[in-house]
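Tertiary structure, described
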Amino acid sequence: MTAIRTDAPPTAAPEASRAPTAISIAIVTLMVIASLKLGRAVVLPVVIALLLTLMLSSPVRWLHSKRIPERLAAALVVFGALGGALGAVALVASPASEWVASAPETMRKLETRVRRLATPITALVRSANRMQQAAAPAAADAPATVQLASPSLFARLSETAAVIPTVLTVVFLTFFLLANGPLVRRKLAGLLPGGDELTRREHLLGAIEIAASRFLVTVVAVNASVGALTALALWAVGVPSPLLWGGIAAVLNFVPYLGPVVTAAIITGAALVTVDQPARALLAPAAFLALHLAETNYVTPTLLGRNLPVNTVAIFLGLLFFSWMWGIPGAVLAVPLTVCVKLVCDHVPALAHVGALLDS
């Protein structure tokens, strides 16, 4: 029998089949990213509910271990957290509205204070302006006056009404996920490939949930402590509405790099406007910066390990990506989402190479 020769190399078929697979993965990835961006109104509440589920799962498990039914434990935790959040909003709502209403006058005061602090520089600038005016003809037109119009009551009510459905979606979806935790894990495990390892994959999802829950609870506790200590420091300096600025510091501390810079600028402006002595006013941003440095260099590394579970490049890219996709909410959620992706990659062997890229 004569053997049949072929000139095609043995690796041609695998290489030909590998190229369409890579192209398909790239196309699917782009479609998923486009769907997440275009479907922000639906996807963002679901993502927030999933993160809240991970954060609140620990107290639900603790209550369930005390022989409290899981649905009742989920209701106590979710609606208790909702009551606390509404109470915090009520504390800062009144001073926030007052600051917004007095924004034009506040900006004028801030400009006056900054000019006093920069008197030497202002003198040099005025001298340069006089020399320029002497060389150029004077302008005939008077400067235009701009008056900011405050939004009407109907506009404010419309904006508030638009937020209510999103808040209700997040609250009830979080409750249902917490009340049906084992069922949700079982269903998700059944969707993964390899039906003969259902129990192992269910335990794997539970391990991912516990790791992500510990991280989120730690980060929320640290940021809340930064906000509380910031409010206490501003109260000691004499800045009005310290709870408002402490709440802003706590929320913006979720945003890496940019958040502390914005917080320091806001606190500096508020202190210069409300505190008579400029030297005393500058103690407010100095106190916040000291708290931020202590939190970044000592507290967070001690509680989460020497470094975050992800490297700084991954955090920065995650901030850019989620900010581009979902705006300000995406910037606030960037670090928790990036860390959750890293934890999933660490527990799934098929994604180990992605976890290695994100590792610190």
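On a predicted model such as this, the values are computed, not experimentally measured, just so you know. (Residues numbered from 1 in each chain as written. Predicted model: local features only at pLDDT ≥ 70, side-chain atom pairs only at ≥ 80, totals over all residues. Heavy atoms only, no water.)

**Here we look at the overall build of the protein chain**
Helices and strands together make up the secondary structure of the protein chain, namely 14 helices and zero strands. Listed N to C, the secondary structure of the protein chain is α-α-α-α-α-α-α-α-α-α-α-α-α-α in terms of helices and strands. The proportion of buried residues among the 360 residues of the protein chain is 29%. Taking the intrachain contacts of the protein chain between residues at least 6 apart in sequence as the baseline, contacts between residues at least 24 apart amount to 68%. (Helix = DSSP H or I, 4+ residues; strand = E, 2+ residues; numbered from the N terminus. Buried < 20%, exposed > 50% of the residue type's maximum accessible area, 1.4 Å probe, protein only. Contact = heavy atoms within 4.5 Å.)

**Examining the layout of surface pockets**
Taken as a whole, the largest pocket holds about 2,100 Å³ of empty space. Taken together, 44 residues line the largest pocket, and the ones lying closest to its centre are I48, L52, A85, V89 and V251. Contributing elements (two or more residues each) for the lining of the largest pocket: α2 (40-65), α3 (70-101), α6 (153-179), α8 (198-237), α9 (242-252) and α13 (312-347). At 10 residues, the largest contribution of residues to the lining of the largest pocket is made by α3. Partitioning the lining of the largest pocket into residue classes produces 36 nonpolar, eight polar and no charged. (1 Å grid on protein atoms, 1.4 Å probe; cavity = no way out; pocket = protein on both sides within 12 Å on 5 of 7 lines; lining within 4 Å. Points joined across faces, edges and corners; volume = space filled by probe spheres on them. Nonpolar A, V, L, I, M, F, W, Y, C, P; charged D, E, K, R; others polar.)

**A word on the packing of helix α10 (residues 258-274) against helix α12 (residues 283-304)**
Orientation of α10 relative to α12, taken along the N-to-C sense of each, is 155 degrees, at an axis distance of 8 Å. By the angle between their axes, α10 is roughly antiparallel relative to α12. The two elements α10 and α12 cross, and the hand of that crossing is right-handed. Across the interface between the two elements, P260, T263, A264, I267, T268 and A271 of α10 pack against A284, P285, F288, L289 and H292 of α12. A breakdown of the residues in the contact of α10 with α12 according to their chemical character gives eight nonpolar, three polar and no charged. (Axes fitted to C-alpha atoms, helices over the stretch in contact; angles between N-to-C directions. Parallel < 35°, antiparallel > 145°, perpendicular 65-115°, else oblique. Left-handed = near helix turned anticlockwise from the far one by under 90°.)

**Digging into a nonpolar patch on the surface**
A cluster of nonpolar side chains, contributed by Y257, L258, V262, I266, V313, F316, L317 and L320, occupies part of the molecular surface with about 720 Å² of accessible area. Of all the secondary structure elements, the ones that give two or more residues to the nonpolar patch are α10 and α13. If one sorts the elements of the nonpolar patch by residue count, α13 sits on top with four residues. Judged by relative accessible area, which is 32%, I266 ranks as partly exposed. (Patch = residues over 30% accessible without salt bridge, like charges linked within 9 Å, V, L, I, M, F, W, Y side chains within 5 Å. Areas by Shrake-Rupley, 256 points an atom, 1.4 Å probe, with all protein chains shown as cover. Salt bridge = Lys/Arg side-chain N within 4 Å of Asp/Glu carboxyl O.)

**Section: the packing of aromatic side chains**
As enumerated under the stated definition, the model contains eight aromatic pairs in all. Here the aromatic rings of F175 and F176 are separated by 5.4 Å at their centres, their planes lie at 55 degrees, and the arrangement is tilted. Residue classification places F175 among the buried positions, given a relative accessible area of 14%. Here the aromatic cluster, defined as three or more aromatic residues joined through ring pairs, consists of F79, F172, F175 and F176. The ring of W324 has K37 sitting right over it, with the charged end atom 4.6 Å from the ring centre. (Phe/Tyr/Trp six-rings, centres within 6.5 Å; stacked < 30°, edge-to-face > 60°. Lys NZ or Arg CZ within 6 Å of the ring centre and 35° of its normal.)

**Some thoughts on unusual backbone geometry**
The backbone phi angle of R67 is positive, close to 70 degrees, even though this residue is not glycine. Here R67 shows up in the loop between α2 and α3. According to the relative accessible area criterion, R67 is exposed, its value standing at 79%. With a phi angle near 55 degrees, S241 is a residue other than glycine that sits in the positive phi range. If you trace the backbone, S241 turns up in the loop between α8 and α9.

**Some remarks on the packing of α2 against α3**
Packed helix pairs are specified by the crossing angle of their axes together with the interaxial distance, meaning the distance between the axes. Across the interface, α2 lies against α3 with an axial gap of 9 Å and an inter-helix angle of 135 degrees. By the criterion of interaxial angle, the relationship of α2 to α3 is oblique. In this structure, α2 meets α3 at a crossing whose hand is right-handed. On the side of α2, the interface is formed by L56, P59, V60, L63 and H64, while α3 contributes E70, A73, A74, L76, V77 and V78. Class assignment for the residues of the contact of α2 with α3 results in nine nonpolar, one polar and one charged.

**A closer look at α13**
The terminal C-alpha atoms of α13 lie 21 Å apart, and with 36 residues this falls more than 12% below the ideal 52 Å at 1.5 Å per residue. Of all bends in α13, the biggest is about 150 degrees, found at W326, and the proline P329 comes one to four residues later. Two or three places before V313, at the start of α13, stands the capping residue N311, its side-chain oxygen 3.2 Å from that residue's backbone nitrogen. (Expected span 1.5 Å × (residues − 1). Bend = angle between axes of the 7 residues up to and from the residue. Polar contact = N/O pair within 3.5 Å; in protein donor to acceptor, adjacent residues only side chain to side chain.)

**Considerations on the confidence of the model for the protein chain**
The pLDDT averaged across the protein chain works out to 78; a share of 76% of its residues lies at or above 70. At the low end of the mean pLDDT range in the protein chain sits helix α5 (residues 119-135), at 61; at the high end sits α9, at 91. Between residues 138-149, whose pLDDT stays under 50, and residues either more than four places distant or in other chains, the model counts one contact. (pLDDT = per-residue confidence, 0-100.)

**Thoughts on the environment of G181**
Mapped onto the fold, G181 is located in helix α7 (residues 181-191). Considered as a pair, G181 and G206 are 25 residues apart in the sequence and their alpha carbons are 9.5 Å apart.

**Quick look at the environment of V344**
Relative to the assigned elements, V344 resides in helix α13. Sequence-wise, V344 and G355 are 11 residues apart; in three dimensions their C-alpha atoms are separated by 8.1 Å. Discounting residues that sit within four places of it in the chain, V344 has contacts with I208 and L351.

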